[in-house]
Amino acid sequence: MVGGLKREIRVWVDPDKMRGYNLAISDVANALRQQNMEMPAGNVNAGARELAVRTLGRLVDPAQFNEIAIATRGSYVVKLRDIGYAEDSQEEPTTAARLNGDPAVTMVVSKQSGQNTVAAADALKARIKQVEAALPKDIHIQITNDQSIFIKAAVHSLEQHLIEGSISGRGHRLRVLANIRTTLISALAIPTSIISTFALMAAIGFDLNQITMLALTLMVGIVIDDAIIVLENIYRFMEEKVCRPIGRRSKARKISAWP
């Protein structure tokens, strides 16, 4: 929690009046501590149930603090109102938060180690909608910083690059090789590799995040690159070495017989 004020009961004492009753500040602190506390009061057996009982001794009204007995001087009971008074106040602020120039209270929510940031942010947003219905009209909740937005944008960008790279790779192979059958064979390598990768990630326990999506994008790039290089070399080998062997030998004879 950043900003906001916490309630605090402040007790003010007059040193001159304390000296008149021969009291020290420790006497006031001990009296406040002993007469403003909750403590166990035993158990109550109700058939098969056993209930714990507590003594409610905390004061809620600042005026009740003025009636706390500090010490006894003869037959007179010295109370807090004889040496000072109590007031309902707030703790001294150590942090401050503002939103659009107005005082605000900032609550920083962090995910636990090993949890998913996007899932935690979505669950928090759903909870905020439930809480807003029960808040007073003059209190509003506004999200000022959401890390899940950047994560979703990064994952969406990686997904877009993944799809665009696959489509552009298929188009390039079709344009260069001009062979639909070869293009379809190489195009099937990409979804096959992605599906097998997802299966392996599910078995290991990995989830989709920036690191895994970046690795998938690099993997698809390598698959596309290797598919283009290998297929073009195979296609060139088949065209030059297999499809036209006679023309190559006759051409070689003519060159050797030229002198």
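See the structure above.
Since this is a predicted model, take the numbers as computed values, not measurements.

Pairing geometry for strand 2 (residues 39-46) and strand 3 (residues 49-55), over six bridges, is antiparallel. The residue of strand 3 that forms the bridge with A46 is R49. In textbook terms, the turn of a hairpin is the stretch between consecutive antiparallel strands, and for strand 2 and strand 3 this stretch comprises two residues, one of which, G47, has a positive phi near 70°.

Moving on to the environment of E87. Of note, E87 is situated in strand 6 (residues 84-90). With 77 residues separating them in the primary sequence, E87 and R10 have C-alpha atoms 5.4 Å apart. What E87 contacts, discounting residues up to four positions off in sequence, is E8, I9, R10, W12 and P62.

This part covers the side chain of D146. Along the polypeptide, D146 turns up in the loop between helix 5 (117-132) and helix 6 (147-177). Polar contacts involving the side chain of D146 include one to the side chain of K125, which spans 2.7 Å. Dropping the residues within four chain positions of it, D146 is found in contact with A121 and K125.

Glancing now at the nonpolar core. Counting residues in each nonpolar core, the largest one holds 13 residues, and the members touching the most others are L23, V28, F65, I68, I70, L80 and I83. Secondary structure elements with two or more residues in this core: helix 2 (25-35), strand 4 (69-73) and helix 4 (80-83). If one sorts the elements of this core by residue count, helix 2 sits on top with three residues. For L23, the contacting residues outside a window of four places in its chain are M18, I70, A71, R73, V78 and I83. Grouped together as the second largest cluster of nonpolar side chains are nine residues, L162, I190, I194 and M213 included.

Looking now at helix 7 (residues 180-204). With 25 residues, helix 7 should reach 36 Å at 1.5 Å per residue; the first-to-last C-alpha distance of 37 Å fits that figure. Those residues of helix 7 not exposed but buried are T182, T183, S186, A187, I190, S193, I194 and M201. G205 occupies a position one or two residues after helix 7 and carries a positive phi of about 105°.

Next up on the list: the pattern of salt bridges. Tallied over the entire structure, the rule returns eight salt bridges. In this structure, the salt-bridge partner of D16 is R19, at a minimum N-O distance of 2.2 Å. Of this pair, D16 and R19 are both found in helix 1 (residues 15-20), three residues apart, which corresponds to roughly one turn of the helix. Note on accessibility: D16 and R19 belong to one class, exposed. Salt-bridge contacts for K152 lead to D122; the nearest nitrogen and oxygen are separated by 3.3 Å. Here D122 lies in helix 5 and K152 lies in helix 6, a separation of 30 residues in the sequence. K152 gets classed as partly exposed once you look at its relative accessible area, which sits at 38%. Salt bridges linked by common partners bring E67, K79, R81 and D82 together as one network.

The next subject is the environment of G20. Tracing the sequence through the fold places G20 in helix 1. Each C-alpha atom of the pair G20 and I83 lies 9.1 Å from the other, and the pair is 63 residues apart in sequence.

Conventions used here
- Each chain has its residues counted from 1, running along the sequence as written.
- Reporting in this predicted model follows two pLDDT cut-offs: at least 70 for local features of residues, and 80 or more for side-chain atom pairs to be given and counted; totals over whole chains, interfaces and linings ignore these cut-offs and use all residues.
- Only heavy atoms go into the side-chain values, all of them from the structure, while hydrogens and water stay out.
- Paired strands, in this sense, are two strands between which DSSP finds at least two bridges.
- Counting from the N terminus, the helices are DSSP H or I runs at least four residues long and the strands are E runs at least two residues long.
- We call two residues in contact whenever any of their non-hydrogen atoms come within 4.5 Å of each other.
- In protein, a polar contact requires one atom able to donate a hydrogen and another able to accept it; more generally it is a pair of N or O atoms within 3.5 Å, and residues adjacent in sequence count only if both atoms are side-chain atoms.
- To qualify as a nonpolar core, a set must consist of buried Ala, Val, Leu, Ile, Met, Phe, Trp, Tyr and Cys residues joined through side-chain atoms within 4.5 Å.
- Three labels apply to residues, based on accessible area from a 1.4 Å probe with only protein chains included: buried if under 20% of the type maximum, exposed if over 50%, partly exposed otherwise in between.
- Expected span of a helix, by definition, is 1.5 Å for each gap between consecutive residues, and there is one gap fewer than residues.
- One speaks of a salt bridge when a side-chain nitrogen belonging to Lys or Arg is within 4 Å of a carboxyl oxygen belonging to Asp or Glu.

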